[in-house]
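Working through the structure, step by step
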Amino acid sequence: MKLGLQLGYWGAQPPGNAGELVAAADRHGFDAVFAAESWGSDAFTPLAWWGSSTSHVRLGTSVAQLSARTPTSCAMHALTLDHLSGGRAILGLGVSGPQVVEGWYGQPFARPLARTREYVGVIRQVLAREAPVVAAGPHYPLPYTGAGATGLGKPLRPITHPLRADLPIWLGAEGPKNVALAAEIADGWLAVYFSPRMADQYNSWLDEGFATPGARRTRADFEVAAGAQVIVTDDAAGAYAGIKPILALYLGGMGAPELNFHATLFRRMGYEAVVDEVGERFRAGRRDDAAAAIPDELVDDIAIIGTADEVRSRIGQWEKAGVTMLVVGCGSTTEIETLASLVGG
């Protein structure tokens, strides 16, 4: 089992100790460090800044939002980071949701699967640099010839030669069709709220993608990076209580009532009544009550909490379920050292 450090996206201010955490992850054998974006900090700059003092960890976006950049712009970011890091970049991509895509980026959210396939295809052309980049669209046509076009656009290939044509592209995906698409066209799956209990379901989705003619990978060389809260403690109840407000936010506030991908994910896991109750309380402004509606069993499904021996055993269960990397959030270098020792042991 490999470990990845999730830096996430920033709140009101940059985190104070991120540089220390990244250095500790590099020092203690973590495989990768990831940064995210929502509608504040971006995913690439922190990796370039804090990653510049590292030697070993891969540097991944988890995730870069499709609507934040055209696919050629995203490819420029990725190939630049790959050169600066000596070939350690991972390009993690995700569609985000309609509230962000239409409310922040001012773009339509429709047809996320088709957009993802087209977006990745353009990026792979840029990275291959075999010919000038052309794309028929309809979402990312190159050259652009639509309304307002001058007619002067011409196919181009990147001035900078990409360091790796096979720079890994991972997809953040939650639903069955998105997970299958990741297995078909990507090099890895960034799994949100992974539950080992649902492994058979996930594997069926992945197998659908692997079985597609022309699929890029097989299960043997495909990475499954699961985000997880991993907490070593003798106070499991306290740890559960600390996680529930965050879950309440994602179940009740990260998406519209009629379209919240996180809520849909937990419904698939059998928590329909919990999702309804949490959403109702959260949208009514009763955030503490929303967190209180989340049972310990739900937290236990998607987190690894317990004593050192219990955590080590649970990590083994996640590995048997198909996870190749645990992507964890750590608040201190001590937590990084502890997790590294458990996985190494």
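Residues numbered from 1 in each chain as written. Predicted model: local features only at pLDDT ≥ 70, side-chain atom pairs only at ≥ 80, totals over all residues. Heavy atoms only, no water.

So, the overall build of the protein chain
Formally: Per the convention used, a helix needs a DSSP run of H or I reaching at least four residues, while a strand needs a run of E reaching at least two, with both numbered from the N terminus. Classification of residues uses two cut-offs on accessible area relative to the type maximum, computed with a 1.4 Å probe and protein chains only: under 20% is buried, over 50% is exposed, and between them is partly exposed. In this description, contact between two residues means that some pair of their heavy atoms is separated by no more than 4.5 Å. We get accessible surface area from the Shrake-Rupley algorithm with a probe of 1.4 Å; when it comes to residues, only the shown protein chains can shield them. In this count, Lys and Arg are taken as positive residues and Asp and Glu as negative ones, while His and the chain termini are left out. Where a charge sits is defined by one atom per residue type, namely NZ (Lys), CZ (Arg), CG (Asp) or CD (Glu).
Along the backbone of the protein chain there are 14 helices and ten strands. Seen through its principal axes, the protein chain has C-alpha atoms that stretch 65 × 45 × 45 Å. Within the span of the protein chain, comprising 345 residues, buried residues form 47% of the whole. Long-range contacts, defined as pairs at least 24 residues apart, comprise 73% of the intrachain contacts of the protein chain with a sequence gap of at least 6. Carbon and sulfur atoms make up 54% of the accessible area of the protein chain, which amounts to about 15,700 Å² in all. Positive and negative charge centroids in the protein chain, built from 28 and 36 side chains respectively, lie 8 Å apart.

Some points on the pairing of strand S3 (residues 58-61)
Our working definition: Following DSSP output, two strands are said to pair if at least two bridges run between them.
Of the two faces of S3, both are covered, the one formed by Arg58 and Gly60 as well as the one formed by Leu59 and Thr61. Pairing of strand S2 (residues 32-35) with S3, which is carried by four bridges, proceeds in the parallel orientation. Paired with Val33 across the two strands is Leu59, which belongs to S3.

Some remarks on the side chain of Thr54
For clarity, the cut-off: Here a polar contact means two N or O atoms within 3.5 Å. Within protein one must be a hydrogen donor candidate and the other an acceptor candidate, and residues neighboring in sequence count only if both atoms are side-chain atoms.
Checked against the element boundaries, Thr54 lands in the loop between helix H2 (44-51) and S3. The exposure class assigned to Thr54 is buried, which follows from its relative accessible area of 8%. For Thr54, the side chain forms a polar contact with the main-chain oxygen of Gly51, separated by 2.7 Å. Within polar-contact distance, the side chain of Thr54 engages the side chain of Arg88 at 2.9 Å. Discounting chain neighbours no more than four positions away, the residues touching Thr54 are Val22, Asp26, Leu59 and Arg88.

Topic: the nonpolar core
The nonpolar side chains of a soluble globular protein tend to be buried with one another. Note the following rule: Among the buried residues, those of types Ala, Val, Leu, Ile, Met, Phe, Trp, Tyr and Cys that are joined through side-chain atoms within 4.5 Å form a nonpolar core.
Grouped together as the largest cluster of nonpolar side chains are 100 residues, with contacts concentrated most on Leu93, Trp189, Phe266 and Leu326. Examining the composition of this core, we find that seven residues originate from one element, helix H8 (residues 236-252), more than from any other. Discounting chain neighbours no more than four positions away, the residues touching Leu93 are Val63, Ala64, Leu66, Cys74, Tyr119, Val120, Ile123, Ile169, Trp170, Leu171 and Gly172. Judged by nonpolar contacts, the second largest core, of eight residues, contains Ala32, Ile90, Trp170 and Val327.

Some remarks on the pattern of salt bridges
Let me state the cut-off plainly: Salt bridges are defined by distance alone: a side-chain nitrogen of Lys or Arg within 4 Å of a carboxyl oxygen of Asp or Glu.
By the definition in use, this model includes 18 salt bridges. Of the charged contacts, one joins Arg117 and Glu184 as a salt bridge, the two residues approaching to 2.9 Å between their closest N and O atoms. Linking Arg117 in helix H5 (residues 112-128) with Glu184 in helix H6 (residues 176-185), this pair joins segments that are 67 residues apart in sequence. According to the relative accessible area criterion, Arg117 is partly exposed, its value standing at 40%. Here Arg217 ties to Asp187 by a salt bridge, and the two come within 2.8 Å at their closest N and O atoms. One end of the pair, Arg217, is in the loop between helix H7 (199-210) and strand S8 (223-232); the other, Asp187, is in the loop between H6 and strand S7 (188-191), with 30 residues separating them in the sequence. For Arg217, a relative accessible area of 23% corresponds to the partly exposed category. Connected via shared salt-bridge partners are Arg124, Asp187, Arg216, Arg217 and Asp221.

Overview of the environment of Cys74
By the secondary structure assignment, Cys74 is in helix H3 (residues 71-84). Accessibility expressed as a relative area gives 1% for Cys74, which makes it buried. Those residues in contact with Cys74 that sit more than four places away from it in its chain are Phe44, Arg69, Leu91, Leu93, Tyr119 and Ile123.

Looking at the packing of helix H9 (residues 261-268) against helix H10 (residues 272-283)
The criterion, for reference: Every axis in this analysis is a line fitted to C-alpha atoms, fitted for helices over the stretch in contact. Angles between the N-to-C directions lie between 0 and 180 degrees. Angle categories: roughly parallel below 35 degrees, roughly antiparallel above 145, roughly perpendicular from 65 to 115, and oblique for all the rest. In this classification, the charged set is Asp, Glu, Lys and Arg, the nonpolar set is Ala, Val, Leu, Ile, Met, Phe, Trp, Tyr, Cys and Pro, and all remaining amino acids, among them Gly, are polar.
Packing of H9 against H10 brings their axes to within 7 Å, and their N-to-C directions diverge by 150 degrees. The pairing of H9 with H10 is recorded here as roughly antiparallel in orientation. Contacts between H9 and H10 involve Ala263, Phe266 and Arg267 from the former and Glu272, Val275 and Asp276 from the latter. When the residues that make up the contact of H9 with H10 are grouped by side-chain class, the tally is three nonpolar, no polar and three charged.

Structural notes on helix H13 (residues 308-320)
Definition in use: A helix's residues, less one, multiplied by 1.5 Å, set its expected span. It is the directions from the helix axis to the C-beta atoms whose arc is reported.
For H13, with 13 residues, the first-to-last C-alpha span of 19 Å sits near the 18 Å given by 1.5 Å per residue. Val311, Arg314, Ile315 and Trp318 are the residues of H13 that are buried. Down the axis of H13, the smallest arc covering the buried residues is 105 degrees, so these residues share one side. For H13, the exposed residues lying more than 90 degrees away from the buried face are Asp309 and Lys320. In this fold, the buried residues of H13 make contact with S8, helix H12 (296-302), strand S9 (303-306), strand S10 (325-328) and helix H14 (333-344). Phi turns positive one or two residues past the end of H13, at Gly322, with a value near 110 degrees.

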